[in-house]
Amino acid sequence: MTIPEHHYFFKIPNIELPEETRNHLIKRAKQKKDIPIEQFRKVTLKGYDGVASQLMFGTVKAGQSTAHNVSSSVANEGLRYNWVGMYGLHGLKDVIPDYDPVVDSIYNMFTEEAKKHLFYFIVSSTEPYGYMSPHMDQRTFGKHRESVIFFPLEPYNEKDWAPLTYYTPEGKTIPINFYHCYAGNTEAVHGYENNEHPRYHLQISFLQPMEVLYKLHTENRLFK
Ligand SMILES: [Fe+2]
């Protein structure tokens, strides 16, 4: 049976972050602010502690975080993650330090139904010629981001954007070019190699598998 393309990714037409939101997120990512691990230890989430701590940036210096695996892994080069906010199961925005209110405006682009499945928001950055080797997120991050909605931030055009690539079991590659908004399956093998431009994008993790996200999308129940 052929795996449908939407198992890997699908574009979401007519949805785009406002320019001021993009600029805010890029600026914040460039600040490279370190957050002391002590602050994160205050966050206790029954059953989700691992996730909560792993989300706290590649800049967290210590603790039980697995985020350091992202930026220090030999499989990755030039990557870092910037925490911008969290929603989902536990109303976490109230307990996470350094919560960014701009996340509210992005969160409110989603339908009430979709909001139930959103978990966290991070800005991922990659240095020029950085890369992320082919992987499935589950092995590194646990089962809390089965699918992800991506908003590219910079570069903001198809010519300069380095595509994400999916690797199929049949040995094919599926490059995902620049779209203002698209969804991707973190349980399918993916990776990318950056070009000469610093690369920034917002990721919104989704607790449900890709098929659920796709169904919401096709039924117009994902974004307002
Ligand atoms: Fe990934």
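The numbering scheme is per chain: residues are counted from 1 as the chain's sequence reads. Confidence filtering applies because this is a predicted model: local features only for residues at pLDDT of at least 70, side-chain atom pairs given and counted only at 80 or more, and all residues used for totals across whole chains, interfaces and linings.

A. Molecular detail of the overall build of the protein chain. Counting its regular elements, the protein chain contains eight helices and nine strands. Three exposure classes are used, based on other C-beta atoms lying within 10 Å of a residue's own C-beta, which is placed from the backbone: buried for 20 or more, exposed for 12 or fewer, and partly exposed in between. Among the 224 residues that make up the protein chain, the fraction classed as buried is 38%. If you take every contact in the protein chain between residues at least 6 apart in sequence, the share linking residues at least 24 apart comes to 75%. Only DSSP runs of H or I covering at least 4 residues are called helices, and only runs of E covering at least 2 are called strands; the numbering of each starts at the N terminus. Here, residue contact means that the backbone-derived C-beta atoms of the two residues sit within 7 Å.

B. Spotlight on helix α8 (residues 210-218). All of the buried residues along α8 are Met-210, Leu-213, Tyr-214, Leu-216 and His-217. Taken end-on, α8 shows its buried residues confined to a sector of 160°, consistent with a single buried face. As for α8, its buried residues are in contact with β1 (9-11), α6 (112-115), β4 (147-154), β7 (182-185) and β9 (199-206). The arc in question is the one spanned by the directions pointing from the helix axis to the C-beta atoms.

C. Representation of the pairing of β4. Within β4, seven of the eight residues are buried, leaving the element largely enclosed by the surrounding structure. For two strands to be treated as a pair, DSSP must find at least two bridges joining them. In terms of strand pairing, β4 meets β7 through four bridges, oriented antiparallel. Residue Phe-150 lies in a different strand from β7, and its bridge partner there is Tyr-182. Bridge analysis of β4 against β9 gives seven bridges, and the strand direction is antiparallel. Bridge pairing in β9 places Val-148 opposite Ser-205.

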